[in-house]
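# What the coordinates show
The primary structure of each chain is shown beneath.
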Amino acid sequence: MARINQSLGEFIIENQGEFAYSSGELSRLINSIRLAAKMVNHEVNKAGLVDITGSAGEINTQGEDQQKLDVFANNVFIQTLTNREIVCGIASEENEDFITISGSNSDHKNKYVVLIDPLDGSSNIDVNVSVGTIFSIYRRVTPLGTPVQVEDFLQPGNLQVAAGYIVYGTSTMLVYTTGHGVNGFTLNPALGTYYLSHPNMKFPEEGHIYSVNEGNYVHFPQGIKDYIKYCQKEEGDRPYTSRYIGSLVSDIHRNMIKGGIYMYPKSSKAAKGKLRLLYECNPMAFIVEQAGGKASDGTTRIMELKPTELHERVPFICGSKKMVEKAEEFIARANS
Ligand SMILES: O=P(O)(O)OC[C@H]1O[C@](O)(COP(=O)(O)O)[C@@H](O)[C@@H]1O
Ligand SMILES: [Mg+2]
Ligand SMILES: [Mg+2]
């Protein structure tokens, strides 16, 4: 039973029984992510004082200019998980290929793989706007004792055993689900401990916030343009308020608390949108659905999409159930 101010460590142990055939491996894995997030949080808070802002001078596999904090966060999560031999493989936004973790006895004994966006909202690092980390966990599908394969990562979102995000904002929060609801924990920086501050988070069915990069409006499909016009129309409880931070984690976190819809649609500039299915859309969709919201690519439920590549992109619409359904209506009408 969730108790306010219960520590994350206590919560993980007390809820371990929720996981089928729980061996404690998943608990230890979430604990390792908790630890790595504290190390990243420490650096994020010092951004501007230490040499952690700006470009790392490298281009990642997505053709993006890697930021120093992208590289730092990526190394911290990979090392923390590797050192603890807690997973059999890791896929990251910042690495072209997946990483095989064989374990000190090279016995590939671990059953979980992790997919991670180590630093989300990279364009906001240097301007002191909140950023995040996103993680998704699956049970491997290839036999234990053998090296991990790409098919262990290319699983549909509805097979996730856990997913979560960390938002490094006015406070640092870790929000996650194991398929039994969504709980949010706030870091007490003085004690270095996360405490349950947002038990059983619920996504309001309806909201008054729409989040989309309107700078791309001219490039959007007609259905999206029509829905944005609907949000802006003086009618009933509209116009809605436009809020766009440009950090996926922060935009969805806000909308989950206040009610709202986030959209990163496809466009004439980006045929599949920008966001990555495996380590951005699937984990956020799992959390949003577990909180009672909805997540789709405009027509299909995100978590039913069958991934084909590690870094594939998909159009992403998610948030308050009724708002996502309304947007899907406009898309279907424009496509008919
Ligand atoms: O600047 P744009 O095109 O609106 O894109 C913003 C989106 O891109 C992202 O920054 C992509 O994530 P990364 O920073 O992890 O690459 C999202 O967090 C955000 O929602
Ligand atoms: Mg991201
Ligand atoms: Mg990133």
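Basis of the calculations
Residues numbered from 1 in each chain as written. Chains lettered and ligands numbered in written order. Predicted model: local features only at pLDDT ≥ 70, side-chain atom pairs only at ≥ 80, totals over all residues. Heavy atoms only, no water. UniProt positions renumbered as here; feature names shortened; annotations may be inferred. Donors = N, O, S within 2.8 Å, 3.2 Å for Na, K, Ca; no water. Helix = DSSP H or I, 4+ residues; strand = E, 2+ residues; numbered from the N terminus. Buried < 20%, exposed > 50% of the residue type's maximum accessible area, 1.4 Å probe, protein only. Contact = heavy atoms within 4.5 Å. Core = buried A, V, L, I, M, F, W, Y, C linked by side-chain atoms within 4.5 Å. Pairing = 2+ DSSP bridges. Axes fitted to C-alpha atoms, helices over the stretch in contact; angles between N-to-C directions.

The name that an unreviewed UniProt entry assigns to the protein is Fructose-1,6-bisphosphatase class 1, with the source organism given as Nonlabens agnitus. The protein has a UniProt comment under Sequence similarities (unreviewed entry) that states "Belongs to the FBPase class 1 family." If you open the UniProt record of the protein and go to Subunit (unreviewed entry), you find "Homotetramer."

A few words on the coordination of the magnesium ion (ligand 3). Summarising the metal site, the magnesium ion (ligand 3) is bound by the protein donors Glu93 (OE), Asp117 (OD) and Leu119 (O), whose distances to it range over 2.0 to 2.2 Å. One chain supplies every donor for the magnesium ion (ligand 3), spaced along it as E-x23-D-x1-L. Metal-to-metal, the separation of the magnesium ion (ligand 3) and the magnesium ion (ligand 2) is 3.7 Å; aspartate 117 coordinates the two. Here glutamate 93, found in the loop between strand S3 (89–92) and strand S4 (99–100), pairs with leucine 119, found in strand S5 (residues 112–120); they are 26 residues apart in sequence, far enough to count as distant. A single burial state applies to glutamate 93 and to leucine 119, both of which are buried.

Time to look at the side chain of aspartate 117. Turning to its location among the elements, aspartate 117 is positioned in strand S5. Other than its neighbours up to four places away in sequence, aspartate 117 contacts Glu93, Thr133, Ile134, Tyr279 and Glu280.

Quick look at the coordination of the magnesium ion (ligand 2) now. The coordination sphere of the magnesium ion (ligand 2) contains the protein donors Asp117 (OD), Asp120 (OD) and Glu280 (OE), at a distance range of 1.9 to 2.1 Å. Motif for the magnesium ion (ligand 2), donor spacing along one chain: D-x2-D-x159-E. Judged by its relative accessible area of 0%, aspartate 117 falls in the buried class.

With that settled, the discussion passes to the UniProt feature "binding site: substrate" (unreviewed entry) in the protein. UniProt annotation of "binding site: substrate" (unreviewed entry) refers to Asp120, Gly121, Ser122, Ser123, Asn213, Tyr244 and Lys274 when read in the numbering used here. By the element assignment, asparagine 213 lies in the loop between strand S11 (209–211) and helix H4 (222–232). Its relative accessible area of 28% is what places asparagine 213 among the partly exposed residues. Residues within four places of asparagine 213 in sequence aside, it is in contact with Phe220 and Tyr244.

What follows deals with the nonpolar core. Judged by nonpolar contacts, the single largest core of 40 residues is most densely connected at Leu29, Ile137 and Tyr176. No other element matches helix H2 (residues 25–45), which puts eight residues into this core. With residues near it in sequence (within four places) discarded, leucine 29 still touches Leu81, Ile86, Val87, Tyr112, Val114 and Ile137. By size, the runner-up hydrophobic cluster in this structure holds 31 residues, among which are Tyr165, Met173, Ile287 and Phe316.

Reading across the sheet, the eight strands line up as S4-S3-S5-S6-S7-S8-S9-S10 and stay open at both edges, with mixed pairing between neighbours. What marks the edges here is a single partner per strand, and that holds for S4 and strand S10 (193–198). Where S3 lies against S5, four bridges are found, and the strand directions are parallel. The residue of S5 that forms the bridge with isoleucine 90 is valine 114. Across the sheet, helix H6 (residues 277–290) lies against S3, S5, strand S6 (131–139), strand S7 (162–168), strand S8 (172–177) and strand S9 (182–188), angled at about 85° from S6, the strand it touches most.

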